[in-house]
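The chain contents come next:
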Amino acid sequence: MMNRRDFVGVSAAALGATRLRPLARTNPTGRLDRIGVQLYTIRAAMERDFEGSLARVAKIGYRDVEFAGYFGHSARDVRTILDRHGLRAPAAHISTETIRGDWEQAIADAQTIGHEYLVCAWINDADRTHEGYEAIANEFNRAANTALNSFVGFAYHNHVYEFKPLADGHVPYDSLLRDTDPSLVKFEIDLFWMIEAGRDPLAYFAKYPGRFPLLHVKDRDATGKMVDVGRGTIDFRTIFARANAAGVRHVFVEHDEPADPFASIEASYRYLRDLRF
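The paragraphs below set out a description of the structure included in this document.

Concerning the pattern of salt bridges
Line of reasoning, step 1. Enumeration according to the criterion identifies 17 salt bridges in this entry.
Line of reasoning, step 2. A salt bridge links Arg100 to Asp127, with the nearest nitrogen and oxygen atoms 3.1 Å apart. Linking Arg100 in helix α5 (residues 96–100) with Asp127 in the loop between β4 (117–120) and α7 (130–148), this pair joins segments that are 27 residues apart in sequence.
Line of reasoning, step 3. Its salt-bridge partner being Arg231, residue Asp228 comes within 2.9 Å of it at the nearest N-O pair.
Line of reasoning, step 4. Looking at Asp228, the relative accessible area reads 13%, which means it is buried.
Line of reasoning, step 5. One continuous salt-bridge network, built from bridges that share partners, spans Asp190, Lys218, Glu254 and Asp256.

Right, here's the structure in full:
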């Protein structure tokens, strides 16, 4: 089975956004406005039946999706399928290879599909040095500036490795926040991996307000196992209560290896639909 890095890398040809919409994903009534799902969760089904899988996602009740692959479909085809099923795709994951390759074509495809953000989902092992992260920050600034000229946002999605201090003591995630232009480069917090690394999302919300327009909503139990949202120990009520100050506008359910992907995303959707904060 492909891991996230490979999955994103082989499918980064078509990504899209129209304009950055100032629409908060949380609202004063204390509930989520719209709930999205990261389609990596159902990747095997997407590979077998691309449109049928999206239809099932819409039937559950999701209206937003985040892509991590298009399985050979053109940007125009993806947009047509989304429209047919009443879905919107505010974001898509891409690789560093896409940024270093035909970035302008990726942005053009992004505009066709309707993404607001292109999200870099992985930093290669060879780049995980002090000098490498400095170079990556500069690449992110350049890529984000080019994208923003076409009204497409840019963000970075974390895992665990960004929180492990380097030999010189630097914490890569903190360095990326410091060394990237806050007006250009945003971040998608993966709550599971940040908490797995022993870090507090609320502390980042407070220190870097407005830097986190996207959240990956994933849960973990007391043993650290990834579980459906609402079946673990993460305090989503408190997190969402402070999400507006962090700049959160989009939330995407995800589970990396669910036993039953569609049952998982349905259980997570129902929990978030009924959550009040």
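Alright, that's what it looks like, and here's the rest.
Notes on the packing of helix α3 (residues 50–60) against helix α4 (residues 75–84)
Line of reasoning, step 1. Viewed as axis vectors pointing N to C, α3 and α4 meet at an angle of 35°, and their least axial separation amounts to 10 Å. Judged by the twist between their axes, the crossing of α3 over α4 is right-handed. Mapping the contact onto sequence places Phe50, Glu51 and Leu54 in α3 and Val78, Ile81 and Arg84 in α4.
Line of reasoning, step 2. Broken down by class, the residue content of the contact of α3 with α4 amounts to 4 nonpolar, no polar and 2 charged.

Some details on unusual backbone geometry
Line of reasoning, step 1. Although it is not a glycine, Phe71 sits at a positive phi angle of roughly 50°.
Line of reasoning, step 2. If you trace the backbone, Phe71 turns up in the loop between β2 (64–67) and α4.
Line of reasoning, step 3. Residue class for Phe71 comes out partly exposed when judged on its relative accessible area of 28%.
Line of reasoning, step 4. Positioned with a positive phi, Phe151 is a non-glycine residue whose angle comes to about 65°.
Line of reasoning, step 5. Positionally, Phe151 belongs in the loop between α7 and β5 (153–157).
Line of reasoning, step 6. Taking relative accessible area as the criterion, Phe151 reaches 40% and is therefore assigned partly exposed.

Some points on the nonpolar core
Line of reasoning, step 1. Core analysis: the biggest nonpolar cluster contains 77 residues, and Phe67, Trp103, Phe154 and Phe212 have the highest contact counts within it.
Line of reasoning, step 2. Residues within four places of Phe154 in sequence aside, it is in contact with Ile94, Ile99, Trp103, Tyr117, Leu118, Cys120, Phe140, Ala143, Ala144, Leu184, Val185 and Lys186.
Line of reasoning, step 3. Formed by 6 residues, the second largest nonpolar core is a distinct cluster that contains Ala91, Ala155, Leu214 and Phe252.

Each value, and the rule that gives it
Residues numbered from 1 in each chain as written. Predicted model: local features only at pLDDT ≥ 70, side-chain atom pairs only at ≥ 80, totals over all residues. Heavy atoms only, no water. Salt bridge = Lys/Arg side-chain N within 4 Å of Asp/Glu carboxyl O. Helix = DSSP H or I, 4+ residues; strand = E, 2+ residues; numbered from the N terminus. Buried < 20%, exposed > 50% of the residue type's maximum accessible area, 1.4 Å probe, protein only. Axes fitted to C-alpha atoms, helices over the stretch in contact; angles between N-to-C directions. Left-handed = near helix turned anticlockwise from the far one by under 90°. Contact = heavy atoms within 4.5 Å. Nonpolar A, V, L, I, M, F, W, Y, C, P; charged D, E, K, R; others polar. Core = buried A, V, L, I, M, F, W, Y, C linked by side-chain atoms within 4.5 Å.

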